[in-house]
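Each chain is listed here by its residues.
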Amino acid sequence: MTDLLNEKLRLLTEKYGVEPGRISGSAGKWFVEAAAGGRSVLLPHRVERRFQELKNIVNNGTLEELSTLRFANMSAGGDVRLALEREIDLAAWLAGSPVKSAFATADGGKRTVNALFKLVSGVSVCIECSNLLPAGRPVMDRHEIIAARGVASDRVVDTQVPQSSIYLIADGAAAEYTDVDSELFGLSEFEVTVVRAAFALLVKPELAGEWNRAAGRAAQVAAACLESVVAQRVVEFEEEVTK
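These figures come from a predicted structure and were not determined experimentally.

Student: Whenever I open this one, the overall build of the chain confuses me. Can you help?
Tutor: Counting its secondary structure elements, the chain contains 6 helices and 12 strands. Rg of the C-alpha trace for the chain: 19 Å, near the compact-globule value of 18 Å for 243 residues, within the 12% margin. Counting only C-alpha atoms and orienting by the principal axes, one finds that the chain spans roughly 50 × 50 × 40 Å. When each of the 243 residues of the chain is scored for burial, the buried share is 42%. Within the chain, contacts between residues at least 6 apart in sequence are counted, and of these 61% link residues at least 24 apart. Counting only carbon and sulfur atoms, one obtains 52% of the accessible surface of the chain, whose full area is about 13,000 Å². A distance of 3 Å separates the average location of the 27 positive side-chain charges in the chain from that of its 33 negative side-chain charges.

What follows is the structure in structure tokens.
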């Protein structure tokens with residue numbers, strides 16, 4: 001898969017005259033290395049269209065006085081810790097505020113985690129992560145932002161299962177197709193976000209430091225959450241950790 005992603009990235013960089021780079025990834029974490037040197041972590045969710053739209057709704061004042069963020073991420077055998085890191089970064093980025101405190105509960109094997117956070121801004125966050133979906137099922141996630149005035153979600157009201165653009169049912173078999181990027185036709189939605197994230201860092205290298213710090217913070221908060229499951233106590237984060 002990495003070869004295909006790098007081929008698509010090469011086409012983008014050549015088309016727009018951007019310095020080339022190379023994508024690499026392992027254990028669910030992705031990186032890009034520019035030709036001039038420097039390896040940066042990728043945060044694919046930050047370039048995903050639905051989250052960009054939520055960020056715009058928050059920034060332009062459509063939602064007034066953010067109150068609560070409710071996130072869920074369910075997968076079939078995925079890494080719960082990495083899913084938690086992703087959702088933590090999404091919450092801090094969308095709300096524009098770092099995590100101040102956290103508390104989590106989980107099942108015995110930590111395959112299902114329910115975490116509660118308080119951001120420095122006072123916004124509350126609830127994140128549910130699980131990897132217990134039946135084998136072969138795609139990731140199911142939902143992100144809802146509740147404010148004193150207005151509610152926003154990345155899913156249609158009352159929708160739990162992500163919808164596809166095209167459904168093909170023929171000869172007793174069914175297939176689904178969703179293309180979200182005309183320049184990256186043929187890639188899955190997640191693969192598109194990885195390539196676009198790499199391209200974004202090559203276009204704006206100054207983002208690298210911000211993303212590296214954000215990924216480190218999210219990993220630290222996620223690890224503390226899982227530790228709080230055992231200790232059964234609220235974890236407080238120092239200001240220098242949340243800057």
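Student: When you look at the sheet that holds strand β8 (residues 140-149) in this model, what are you seeing that I'm missing?
Tutor: Note on sheets: strands pair through backbone hydrogen bonds, and any given pair is parallel or antiparallel. Reading across from one edge, β9-β8-β4-β7-β6-β5-β12 is the order of the 7 strands in this open sheet, with mixed pairing throughout. A single partner strand is all that each edge strand has here, and the edge strands are β9 (151-153) and β12 (235-236). Inspection of the sheet shows strand β4 (residues 64-74) paired to β8 by 9 bridges, in the antiparallel sense. From the neighbouring strand, asparagine 73 faces β8, where its bridge partner is aspartate 141. Running at roughly 5° to β8, helix α2 (residues 49-59) makes contact with β4, β8 and β9 of the sheet. Packing against the sheet, helix α3 (residues 80-95) makes contact with β4, β5 (99-106), β6 (112-119), β7 (124-130) and β8, and its axis sits at approximately 165° to β4.

Student: Would you take a moment to explain α2 for this structure?
Tutor: Given 3.6 residues to a turn, an α-helix orients residues that are three or four positions apart in the same direction. Every buried residue of α2 is accounted for by Arg50, Phe51, Leu54, Lys55 and Val58. Along the long axis of α2, the arc covered by the buried residues comes to 140°, so they all point the same way. Those residues of α2 that are exposed and aimed more than 90 degrees away from the buried face are Arg49 and Asn59. Those residues of α2 that are buried are in contact with β4, α3, β8 and β9.

Student: Which parts of the structure should I look at to understand the packing of aromatic side chains?
Tutor: The geometry of an aromatic ring pair comes down to the distance between the two centres and the angle between the two planes. For the coordinates displayed, the defined rule picks out 2 aromatic pairs. When the centroid spacing of 5.9 Å and the interplanar angle of 50° are considered together, the rings of tyrosine 16 and phenylalanine 199 count as tilted. Residue tyrosine 16 is located in helix α1 (residues 2-16), and its partner phenylalanine 199 is located in helix α4 (residues 189-203); the two are separated by 183 residues in the primary sequence. Between arginine 39 and the ring centre of phenylalanine 31, over which it is positioned, the NZ or CZ distance is 3.8 Å.

Student: Whenever I open this one, the confidence of the model for the chain confuses me. Can you help?
Tutor: Do not read the fine detail of predicted coordinates wherever pLDDT is low. For the chain, the mean per-residue pLDDT works out to 91, and 98% of the residues sit at or above 70. β7 holds the highest mean pLDDT among the elements of the chain, 97, whereas helix α6 (residues 239-242) holds the lowest, 50.

Student: Help me understand the pattern of salt bridges in this model?
Tutor: Pairing is possible between side chains of opposite charge, provided their charged atoms come close. As enumerated under the stated definition, the model contains 19 salt bridges in all. Glutamate 85 is paired through a salt bridge with arginine 81; the nearest N and O atoms lie 2.7 Å apart. In this pair, glutamate 85 and arginine 81 both sit in helix α3, 4 residues apart, roughly one turn of the helix. Residue glutamate 85 is classed as buried on the basis of its relative accessible area of 8%. A salt bridge links glutamate 87 to arginine 86; the nearest nitrogen and oxygen atoms lie 2.5 Å apart. We classify glutamate 87 as buried; its relative accessible area is 0%. If you follow the salt bridges from partner to partner, you end up with Glu48, Arg50, Arg86, Glu87, Asp141, Asp154 and Arg155 in one network.

Student: Just checking my understanding: could you explain the nonpolar core for this structure?
Tutor: Within soluble globular proteins, side chains that are nonpolar generally end up buried alongside one another. The biggest cluster of nonpolar side chains holds 38 residues, and the ones touching the most others in it are Leu69, Leu84, Ile88, Phe117, Ile127 and Cys225. Among the secondary structure elements, those contributing two or more residues to this core are α2, β4, α3, β5, β6, β7, β8 and α5 (207-231). Examining the composition of this core, we find that 9 residues originate from one element, α3, more than from any other. Isoleucine 88 has contacts with Val99, Phe117, Ile127, Ala218, Val221 and Ala222, leaving out every residue within four places of it along the chain. Among the nonpolar cores identified, the runner-up in size contains 26 residues, and Val18, Trp30, Ala198 and Ala215 belong to it.

Student: Looking at this structure, how should I read the packing of α3 against α5?
Tutor: For any two helices packed against each other, the geometry is given by the interaxial angle and the distance between the axes. Following both chains from N to C, one finds α3 and α5 inclined at 120°, their axes separated by 8 Å at the closest point. One way to sum up the angle between α3 and α5 is to call them oblique. Note on packing geometry: the crossing formed by α3 with α5 is right-handed. Side by side, α3 and α5 meet where Arg81, Leu84, Glu85, Ile88 and Asp89 of the first sit next to Ala214, Ala218, Ala219, Val221, Ala222, Cys225 and Leu226 of the second. Across the contact of α3 with α5, the residue classes tally to 9 nonpolar, no polar and 3 charged.

So, how was this worked out
Within any chain, residue numbers begin from 1 and follow the written order of that chain's sequence. Given that the model is predicted, a residue must reach a pLDDT of at least 70 before its local features are reported, and side-chain atom pairs must reach 80 or more before they are shown or counted; all residues, however, enter totals for whole chains, interfaces and linings. Where side-chain values are given, they derive from all heavy atoms of the structure, hydrogens and water being excluded. Going along the chain from the N terminus, every DSSP run of H or I of four or more residues is numbered as a helix, and every run of E of two or more is numbered as a strand. Note that the radius of gyration is over C-alpha atoms, with the globule rule given as 2.2 Å times the number of residues to the power 0.38. Residue exposure (1.4 Å probe, protein chains only): buried if accessible area is under 20% of the type maximum, exposed if over 50%, otherwise partly exposed. The contact definition used throughout considers only heavy atoms, calling two residues in contact when any of these lie within 4.5 Å. Note on areas: Shrake-Rupley, 1.4 Å probe, and residue coverage restricted to the protein chains presented here. Under the counting rule used here, the positive set is Lys and Arg, the negative set is Asp and Glu, and His together with the chain ends is not counted. By convention, the charge on Lys lies at NZ, on Arg at CZ, on Asp at CG and on Glu at CD. Whether two strands pair comes down to DSSP finding at least two bridges between them. Helix axes are fitted to C-alpha atoms over the stretch in contact, other axes to C-alpha atoms as well, and angles between N-to-C directions run from 0 to 180 degrees. Here the arc refers to the set of directions running from the helix axis out to each C-beta atom. For this analysis, a ring pair means two rings from Phe, Tyr or Trp (six-membered ring only for Trp) whose centres lie within 6.5 Å, classed as stacked if their planes differ by under 30 degrees, edge-to-face if by over 60, and tilted for the remaining angles. Remark: a charge is flagged as sitting over a ring if the NZ atom of Lys or the CZ atom of Arg is within 6 Å of the ring centre and within 35 degrees of the ring normal. pLDDT is defined as a per-residue confidence score from the predictor, taking values between 0 and 100. Every case where a carboxyl oxygen of Asp or Glu lies within 4 Å of a side-chain nitrogen of Lys or Arg is listed as a salt bridge. To define a nonpolar core, start from buried Ala, Val, Leu, Ile, Met, Phe, Trp, Tyr and Cys residues and group those joined through side-chain atoms within 4.5 Å. Reported orientations rely on four angle classes, namely roughly parallel under 35 degrees, roughly antiparallel over 145, roughly perpendicular from 65 to 115, and oblique for the rest. Handedness of a helix crossing follows the sense of rotation of the near helix relative to the far helix, less than a right angle counterclockwise being left-handed and clockwise being right-handed. Nonpolar residues are Ala, Val, Leu, Ile, Met, Phe, Trp, Tyr, Cys and Pro. Charged residues are Asp, Glu, Lys and Arg, and all others, Gly as well, are polar.

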